[in-house]
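The primary structure of each chain is shown beneath.
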Amino acid sequence: MKIYSPLVVGFLSLVLLSVGCKKDSRTDETSTAKPTPATASGSSSTAAKAASDSAPSVAETTAKMAAAEWALKQDEIKRDPNGQWAIQAAASSTYNDAQGTAGWSANQATGAPNVDKYGDDGAAWAPKTPDSGIEWLDLKYPKPVHASEVRIRESCGSGAVVKVEVYDEKGVANTVWQGNDPTTDLNYLIVKFPKTTFKADRVKVTLATNVVPGWNEIDAVQLVGADQ
Ligand SMILES: [Ca+2]
């Protein structure tokens, strides 16, 4: 029985708000955001704030360093001259049956990464349901290369990828990785493997969406390889 009434779907969405990566997070943030008090603050509290700003804690410094390192790594991958971003994509299903370039469609996983924050975002691909099981994304790249790496940028419900395949010129799928995806937050699952003897311009990413509760979304997938 796969036909849900809008009422049932709405109820399921509410239940899912409490677990994993949830949809409508943007709405939540907006509704819970507290307006800044308009009253003028006294000079003593301003001075106290300035003092605390000038003496960051060790934890704050560590967090900033980690954030900077993360940003540098993101930039390095984005600019990798041996990396290609997908130009076409198809998927097992899409959220709200999104087609073309609609939000959460398979095409949202083409091109360079464009999701800024971990969480539900229409600039990433999402399958039709959050936890039903096996789903896949099939991506095409502009130039066939001897592949050595695939980088999957996960942007919501990270950690659900279970298999990565690279296709040869005859359209035969070669599994280059299968296992437990350790990715958390907004990060890449980086899969390295011996350079393929064949040239590849197509990658398939398979997820088991039931292993990570909530919506599992992929922002972009990069194929890394060389001409020779
Ligand atoms: Ca994207």
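Details of the structure are given in the entry above.
Model, not experiment: these values are computed from the prediction. (Residues numbered from 1 in each chain as written. Predicted model: local features only at pLDDT ≥ 70, side-chain atom pairs only at ≥ 80, totals over all residues.)

Novice: When you look at unusual backbone geometry in this model, what are you seeing that I'm missing?
Specialist: For Asp 97, which is not glycine, the phi torsion reads 55° and is therefore positive. One non-glycine residue, Trp 104, adopts positive backbone phi at about 70°. With respect to the helices, strands and loops of the structure, Trp 104 is situated in the loop between strand S2 (88-91) and strand S3 (134-156). For Trp 104, a count of 25 C-beta atoms within 10 Å gives the class buried. (Helix = DSSP H or I, 4+ residues; strand = E, 2+ residues; numbered from the N terminus. Buried ≥ 20, exposed ≤ 12 C-beta atoms within 10 Å, placed from the backbone.)

Novice: Before we go on, may I ask you to explain the pairing of strand S4 (residues 161-167) in this structure?
Specialist: Each regular strand carries side chains that alternate between the two faces of the sheet. Extensive coverage of S4 is indicated by the burial of 5 of its 7 residues. Across 5 bridges, S4 lies against strand S7 (residues 200-208) in antiparallel orientation. For Glu 165, the partnering residue across the bridge sits in S7 and is Lys 204. Inspection of the sheet shows S4 paired to strand S5 (residues 173-178) by 5 bridges, in the antiparallel sense. Bridge pairing in S5 links Glu 165 to Thr 175. Count of turn residues in the S4/S5 antiparallel hairpin: 5 residues, of which Gly 171 carries a positive phi of about 85°. (Pairing = 2+ DSSP bridges.)

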